[in-house]
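Architecture and fold: a report
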Amino acid sequence: MAINNHQYTKEMRDLLDIKLFSQPISGKVQPDLMLDDGKMIAGIYAKLENTISVLSDMRARKSYIYCGGAARQLGFEPTRTEINSIWEDELLAGVHPEDLQKKYRLEFKFFQLIKAIDLTERLNYSLITRLRIKNNEGKYLLVKHRLLYLSSTKQGDVWLTLCLYNMVYDHPGFDVPEGLIINSGTGTIVDSEQGRFEDILSSREGQILQLINQGLRSKEIASKLALSIHTVNRHRQNIFQKLNVNNAIEACRVADATGLLH
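These numbers come from a predicted model, not from an experiment.

1. What to know about the overall build of the protein chain
Scanning the protein chain from terminus to terminus reveals 9 helices and 8 strands. Looking at the protein chain as a whole, 52% of its 262 residues qualify as buried. Accessible surface computed for the protein chain: about 13,200 Å², of which carbon and sulfur atoms make up 49%.

2. So, the environment of R132
By the element assignment, R132 lies in strand β4 (residues 125–134). On the basis of relative accessible area, R132 is assigned to the partly exposed category, the value being 27%. For the pair R132 and P97, spaced 35 residues apart in sequence, the C-alpha to C-alpha distance is 9.1 Å. For R132, the side chain forms a polar contact with the side chain of E98, separated by 3.4 Å.

3. A few points about the pairing of strand β5 (residues 140–152)
The buried fraction of β5 is high, at 10 of 13 residues. Of the strand pairs in this sheet, β4 and β5 are connected by 9 bridges, and their pairing is antiparallel. In the sheet register, S126 faces β5, and the bridge partner there is L148. Linking β4 to β5, which pair antiparallel, is a turn of 5 residues; within it G138 sits at a positive phi near 85°. Two successive antiparallel strands, β5 and strand β6 (residues 158–167), enclose a turn made up of 5 residues, where G156 displays a positive phi of approximately 95°.

4. Some thoughts on the packing of helix α7 (residues 218–225) against helix α8 (residues 229–243)
For the pair α7 and α8, interaxial distance at closest approach is 9 Å and the crossing angle is 115°. Between α7 and α8, the angle falls in the class roughly perpendicular. Viewed along their axes, α7 and α8 form a crossing whose handedness is right-handed. From α7, S218, K219, I221 and A222 reach across to α8, where they touch I229, V232, N233 and R236. Looking at the contact of α7 with α8 residue by residue, the class counts come to 4 nonpolar, 2 polar and 2 charged.

5. Here's the deal with a nonpolar patch on the surface
The grouping of M40, I44 and L48 at the surface amounts to a nonpolar patch, some 330 Å² of accessible area in total. Tracing the sequence through the fold places M40 in helix α2 (residues 35–49).

6. Quick notes on the nonpolar core
Ranked by internal contacts, the top residues of the largest apolar core, which has 35 residues, are I52, L74, F110, I133 and Y165. For this core, the elements supplying multiple residues, two or more each, are β1 (52–57), α3 (69–74), α4 (89–92), α5 (97–116), β4, β5 and β6. If near-sequence neighbours (up to four positions away) are discounted, I133 is found in contact with L74, L91, G94, V95, K139, Y140, L141, V143 and Y165. Ranked by size, the runner-up nonpolar core spans 21 residues in total, among them L211, A251, C252 and L261.

7. Let's talk about the environment of W159
Here W159 lies in strand β6. A C-alpha to C-alpha distance of 9.9 Å links W159 and M34, two positions 125 residues apart in sequence.

8. Topic: the side chain of N183
You can see N183 is positioned in strand β7 (residues 179–183). Residue classification places N183 among the buried positions, given a relative accessible area of 6%. A distance of 3.2 Å separates a polar side-chain atom of N183 from the backbone nitrogen of T186. Residue contacts for N183: discarding those within four places in its chain leaves N124, Y125, T188 and V190.

9. Topic: the pairing of β1
The element β1 is extensively covered by neighbouring structure, given that 6 of its 6 residues are classed as buried. Residues I52, V54 and S56 line one face of β1 and the alternating positions S53, L55 and D57 line the opposite face, and both faces are buried. Where β1 and strand β2 (residues 62–67) come together, 6 bridges link them in antiparallel fashion. Along β2, the bridge assignment pairs S56 with S63. Hairpin connection of β1 to β2: 4 residues between the antiparallel strands, including R61 at a positive phi of 60°.

Procedures and definitions
- Residues numbered from 1 in each chain as written.
- Predicted model: local features only at pLDDT ≥ 70, side-chain atom pairs only at ≥ 80, totals over all residues.
- Heavy atoms only, no water.
- Helix = DSSP H or I, 4+ residues; strand = E, 2+ residues; numbered from the N terminus.
- Buried < 20%, exposed > 50% of the residue type's maximum accessible area, 1.4 Å probe, protein only.
- Areas by Shrake-Rupley, 256 points an atom, 1.4 Å probe, with all protein chains shown as cover.
- Polar contact = N/O pair within 3.5 Å; in protein donor to acceptor, adjacent residues only side chain to side chain.
- Pairing = 2+ DSSP bridges.
- Axes fitted to C-alpha atoms, helices over the stretch in contact; angles between N-to-C directions.
- Parallel < 35°, antiparallel > 145°, perpendicular 65-115°, else oblique.
- Left-handed = near helix turned anticlockwise from the far one by under 90°.
- Contact = heavy atoms within 4.5 Å.
- Nonpolar A, V, L, I, M, F, W, Y, C, P; charged D, E, K, R; others polar.
- Patch = residues over 30% accessible without salt bridge, like charges linked within 9 Å, V, L, I, M, F, W, Y side chains within 5 Å.
- Salt bridge = Lys/Arg side-chain N within 4 Å of Asp/Glu carboxyl O.
- Core = buried A, V, L, I, M, F, W, Y, C linked by side-chain atoms within 4.5 Å.

This is the structure we're talking about:
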């Protein structure tokens, strides 16, 4: 069955916008790196590496796009360079659907990791993903995508992030891993696309999530699986916590878009 890439991208963006990265951004930002600093960094990357740089302000739900040579090679001409979203939709619309899902799976892991570690360690981590992005002639070109953490609020919520899109050239030595999270301070590979994302839930949690997705209530699930309703509710709460969601609808949408229900 053919996939509507634009619709797929929109649904994935809407899904992740609900919970994967959303946080109660309410505090004052750290004084060591302000928004203008982030813009300067993004602009420098675009010029020095000929990359497409996208600075996202999670607090204001805005993004700033800086186009280097990679944009020209892709034929990417954003209608606006300042958008009221943390998602660069015009660029993401050209990403191959399989690669988009891979990208979001790893970003889910990346942000879960970032939120769990000390502020002083966050700058050491980055995400690298190889993507196929369609150019203005309809041909997929290989692109190296990097997600960098830049700054948090005083409360520890992620505030500024930077996405970089570089061309992968058809030449020996210019290969890029399918996808991985790396600690650049130690050179350690923290996680990769080869890891089983579905292992984020236990087998019982996955089973219960499948039944929740089928519309069954806790009492019905308890009866079907011969469990107490207390046990089912405990599993439900564990599922919500692991997927960083607040309710069953969000849990099912996250699980469906990231492949946990397939």
